[in-house]
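# Coordinate inspection notes
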Amino acid sequence: MTIKIKKADAFKAIKKEKDNSIDLLITSPPYNIGKEYETKKSFDNYLKPYEEFAKDVFKKIKKTGSVCWQVGNYVHKGEIIPLDIPFYSIFSNAGFKLRNRIIWHFEHGLHASNRFSGRYETILWFTKSDKYTFNLDQPGVRIPSKYPGKRHYSGKKKGKPSGNPLGKNPSDFMRITKQDWDKQIWDFPNVKANHPEKTDHPCQFPIELVQRCVLALTNKKNSVFDPFMGVGSTLIGASMHNRTAIGYEMDQNFISITKKRIKELNKGIIKIRKLGKPIHVPKKTDKVAQLPFEWLK
Ligand SMILES: C[S@@+](CC[C@H](N)C(=O)[O-])C[C@H]1O[C@@H](n2cnc3c(N)ncnc32)[C@H](O)[C@@H]1O
């Protein structure tokens, strides 16, 4: 399927896309927290351009289309502002309807000392209209039921299985790993480096997260768009499932990494964490699961 990559400023370039042409926009914008690819601004100045941007996005999305807007916290002098709060208003004012506020929970990250450690970010799933694509039964979307043997205990269906043979609805709480704690990694100080998908980008999407949204919210040959592409995780997730993909990025290094990853995808040698792979839980006998001998004194 076609993949288009543009070195472009998303706020300007989006205006040139065809109206009603995109089935799914999935992205994670800069959070204004001073990462290497952004210039920290006042919070109001940071948000302002997104008001026009959301209105432009509304024009470009098809009637049946969706936006998945993934954000974490803006942090200023130790105070946090969950970015989904202002972005909800911005997208809602542009005409979008919120269908889910998905919690993306991950197990590892920085350990805070003056508040509880943050272990989730959110994905705001908006649709342009009430007639939107939602493929709950598409393979890869449902997850295995906890109790598939459960049966109705009364009524007309008494005695019949109460679940769905395809599995259960994955819910708005997605446990998707950012870092893979496989056994051999316990010796490494920086676990982030051990995720099979890790590149030089400081905050890339796990492709598994993209795949869930792509499978549930689009059909084959649909178009998927990431205006803040980074190292192309959205484009890869879309392409793996026969969707066309468009990405914008301002940083040439990230564009080069994206192109390299796409070449690897086409050759079948890209390192990707398998969709639905269970998250590693250490066994009691693993050394890292045991109390250090110093604490046992
Ligand atoms: C949070 S990162 C996205 C990471 C991406 N989801 C991935 O998996 O690699 C945001 C990206 O937006 C890019 N960016 C920042 N401002 C931009 C703009 N105005 N237009 C296009 N890209 C921009 C940054 O260089 C950065 O790579």
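Described in the following lines is the structure provided in the data block. None of these values were measured; they are calculated from a predicted model. Numbering of residues starts from 1 in every chain and runs along the sequence as written. With pLDDT at 70 or above as the cut-off, local features in this predicted model cover only qualifying residues; side-chain atom pairs require 80 or more to be listed or tallied, and sums for whole chains, interfaces and linings still use all residues. To obtain the side-chain values, all non-hydrogen atoms of the structure were used and water was disregarded.

If you trace the eight strands from one edge of the open sheet to the other, you get 1-10-9-2-3-7-6-8, paired in mixed fashion. Two strands close off the open sheet at either side, each with one partner strand: strand 1 (3-7) and strand 8 (173-175). Here the average twist between neighbouring strands, direction ignored, is 20 degrees. In the packing of helix 2 (residues 43-60) onto the sheet, contacts are made with strand 2 (22-27) and strand 3 (61-71), and the angle to strand 3 comes to roughly 145 degrees. Contact between two residues is taken to exist if any of their heavy atoms lie within 4.5 Å; hydrogens are not considered. Axes here refer to lines fitted to C-alpha atoms; in helices the fit is confined to the stretch in contact. Angles between the N-to-C directions go from 0 to 180 degrees. Think of it this way: any DSSP run of H or I at least four residues long counts as a helix, any run of E at least two long counts as a strand, and we number them from the N terminus. The sheet strands contacting helix 3 (residues 84-93) are strand 3, strand 6 (97-105) and strand 7 (120-127), and the helix crosses strand 7 at an angle near 10 degrees. Any two strands with at least two DSSP bridges between them are considered paired.

Take the pattern of salt bridges next. Put simply, a salt bridge is a Lys or Arg side-chain nitrogen that is within 4 Å of an Asp or Glu carboxyl oxygen. Within the structure shown, the criterion is met by 14 salt bridges. With its nearest N and O atoms 2.6 Å apart, the salt bridge here joins R175 to E107. In this pair, R175 sits in strand 8 while E107 sits in the loop between strand 6 and strand 7, placing the two residues 68 residues apart along the sequence. The cut-offs for exposure are 20% and 50% of the maximum accessible area for each residue type, with area from a 1.4 Å probe on protein chains only; residues under the lower value are buried, those over the upper are exposed, and the others partly exposed. On the basis of relative accessibility, which here comes to 35%, the residue E107 falls in the partly exposed class. Salt-bridge contacts for R142 lead to D137; the nearest nitrogen and oxygen are separated by 2.6 Å.

A word on the side chain of S223. One can find S223 in strand 9 (residues 223-226). The class for S223 is buried, based on a relative accessible area of 11%. Within 3.5 Å is the distance limit for a polar contact, defined as a pair of N or O atoms, with the added protein rule that one can donate a hydrogen and the other accept it, and that residues adjacent in sequence qualify only through two side-chain atoms. A polar contact of 2.9 Å, which involves the side chain of S223, links it to the backbone oxygen of S21. Each residue touching S223, except ones within four places of it in the same chain, is listed here: S21, I22, D23, L24 and T244.

Let us now look at the side chain of R212. As for its position among the elements, R212 is in helix 4 (residues 207-217). In this tally, Lys and Arg are treated as positive and Asp and Glu as negative; His is ignored, and so are the chain termini. Buried and unpaired, R212 has no salt bridge, with E208 as the nearest side chain of opposite charge at 4.8 Å. For R212, the contacting residues outside a window of four places in its chain are G140, V141, I143, M174, I176 and L275.

Take the pairing of strand 10 (residues 244-249) next. The element strand 10 is extensively covered by neighbouring structure, given that six of its six residues are classed as buried. Across the two faces of strand 10 the burial is the same, with T244, I246 and Y248 and A245, G247 and E249 all buried. In terms of strand pairing, strand 1 meets strand 10 through five bridges, oriented parallel. Across the sheet, residue I3 finds its bridge partner in strand 10, namely A245. Note that strand 9 and strand 10 share four bridges and pair parallel. Following the sheet pairing, D226 is matched in strand 10 by G247. Note on handedness: a crossover is taken as right-handed if, strands pointing away from the viewer, the path from the first strand over the helix to the second is clockwise. At this point the chain moves from strand 9, through helix 5 (residues 233-240), to the parallel strand 10, and the crossover so formed is right-handed.

Here E17 shows up in the loop between helix 1 (10-13) and strand 2. C-alpha separation for the pair E17 and I61, spaced 44 residues apart in sequence, amounts to 9.9 Å. If near-sequence neighbours (up to four positions away) are discounted, E17 is found in contact with K6, K60, I246 and Y248. In this structure the side chain of E17 is engaged in a polar contact, spanning 2.6 Å, whose partner is the side chain of Y248.

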